[in-house]
Amino acid sequence: MIVGFPCNQFKEQDPEGDAKIEEFCQLNYGVTFQIMKKGDVNGPDAQPIFEYLKSVAPTEEYNGLKAKAAKTLFKAISKSVEKDSDIKWNFTKFLISKDG
């Protein structure tokens, strides 16, 4: 099953309610899978699924000037990014195998 997770990290990109977002995705992109409700991915109101995914996701350390610039940019554009493990942008993906 494929499930989409709209997030509140960038509320100005999805200012509409959950039903409007689902309708938009169905009409404009032919989405047929279930779309979950919007919710926080970082901070004290983060949904438990995102807290779990962030805790088990492998991390890679990116070094160099471009990596530092990207981290600085993401922290600047997202008010919810406080920790290195926080989700930094709304296109972050988690790939989960059928075995979890």
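All values reported here derive from a predicted model rather than from experimental measurement.

**Overview of the overall build of the chain**
Then, in step 1: A count of helices and strands for the chain gives three helices and zero strands.
Then, in step 2: Each helix (α) and strand (β) of the chain, taken in turn from the N terminus, gives the series α-α-α.
Then, in step 3: Within the chain, the proportion of its 100 residues that are buried is 23%.
Then, in step 4: Carbon and sulfur atoms provide 57% of the accessible area of the chain, an area that totals close to 7900 Å².

**Describing helix α2 (residues 48-56)**
Then, in step 1: Here α2 has its buried residues at Phe-50, Leu-53 and Lys-54. Seen end-on, α2 carries its buried residues on one side only, within an arc spanning 100°. Seen from the buried face of α2, the exposed residues on the opposite side, beyond 90 degrees, are Pro-48 and Ser-55.

**Describing the side chain of Lys-54**
Then, in step 1: By the element assignment, Lys-54 lies in helix α2.
Then, in step 2: A polar side-chain atom of Lys-54 sits 3.0 Å from a polar atom in the side chain of Asn-42.
Then, in step 3: In this view, Lys-54 contacts Val-41, Asn-42, Ser-85, Asp-86, Ile-87 and Phe-94; residues no more than four positions away in its chain are not counted.

**A word on the packing of aromatic side chains**
Then, in step 1: In total, this model carries one aromatic pair according to the counting rule given.
Then, in step 2: Ring centres of Phe-24 and Tyr-29 lie 5.8 Å apart, and the angle between their planes is 70°; this geometry places the pair in the edge-to-face category.
Then, in step 3: With a relative accessible area of 62%, Tyr-29 lands in the exposed category.

**Some remarks on the pattern of salt bridges**
Then, in step 1: One pass over the structure, following the stated rule, counts two salt bridges.
Then, in step 2: For Glu-51, the salt bridge identified is with Lys-54, shortest N-O distance 3.5 Å. One end of the pair, Glu-51, and the other, Lys-54, are both in helix α2, three residues apart, so they sit about a helical turn from each other.
Then, in step 3: We classify Glu-51 as partly exposed; its relative accessible area is 32%.
Then, in step 4: Between Lys-54 and Asp-86 there is a salt bridge; the shortest N-O distance is 3.5 Å. With Lys-54 in helix α2 and Asp-86 in the segment after α3 (65-77), this pair connects stretches of sequence that are 32 residues apart.
Then, in step 5: You can call Asp-86 buried: its relative accessible area is 5%.
Then, in step 6: One connected set of salt bridges, linked through shared partners, spans Glu-51, Lys-54 and Asp-86.

**Here we look at the environment of Phe-94**
Then, in step 1: Tracing the sequence through the fold places Phe-94 in the segment after α3.
Then, in step 2: Taking the C-alpha atoms as reference points, Phe-94 and Leu-53, 41 residues apart in sequence, are found 7.4 Å from one another.
Then, in step 3: Excluding residues that lie within four positions of it along the chain, Phe-94 makes contacts with Phe-50, Leu-53, Lys-54, Ala-57 and Ile-87.

Rules behind the numbers
Each residue is numbered by its place in its chain's sequence as written, counting from 1. Two thresholds apply to this predicted model, a pLDDT of at least 70 for residue-level local features and 80 or more for giving and counting side-chain atom pairs, whereas whole-chain, interface and lining totals are computed over all residues. Working from all heavy atoms in the structure, the side-chain values ignore hydrogens and water. Secondary structure is summarised from DSSP: a helix means a run of H or I of at least four residues, a strand means a run of E of at least two, and numbering begins at the N terminus for each. The buried label goes to any residue with under 20% of its type's maximum accessible area, the exposed label to any with over 50%, and the partly exposed label to all in between, with areas taken from a 1.4 Å probe on protein chains only. The Shrake-Rupley method, run with a 1.4 Å probe, gives the accessible areas here. Residue values count only the displayed protein chains as cover. This arc is taken over the directions from the axis of the helix to the C-beta atoms. Throughout this description, a polar contact denotes any pair of N or O atoms lying within 3.5 Å of each other; where both atoms belong to protein, one of them has to be capable of donating a hydrogen while the other can accept it, and for residues adjacent in sequence the pair is counted only when both atoms sit in side chains. When checking whether two residues touch, look at their non-hydrogen atoms; a contact exists if any pair is within 4.5 Å. Centre distance within 6.5 Å is the pairing criterion for rings of Phe, Tyr and Trp, where only the six-membered ring of Trp is used; planes under 30 degrees apart are then read as stacked, over 60 as edge-to-face, and the remainder as tilted. The term salt bridge refers to a pairing of a side-chain nitrogen on Lys or Arg with a carboxyl oxygen on Asp or Glu at a separation within 4 Å.

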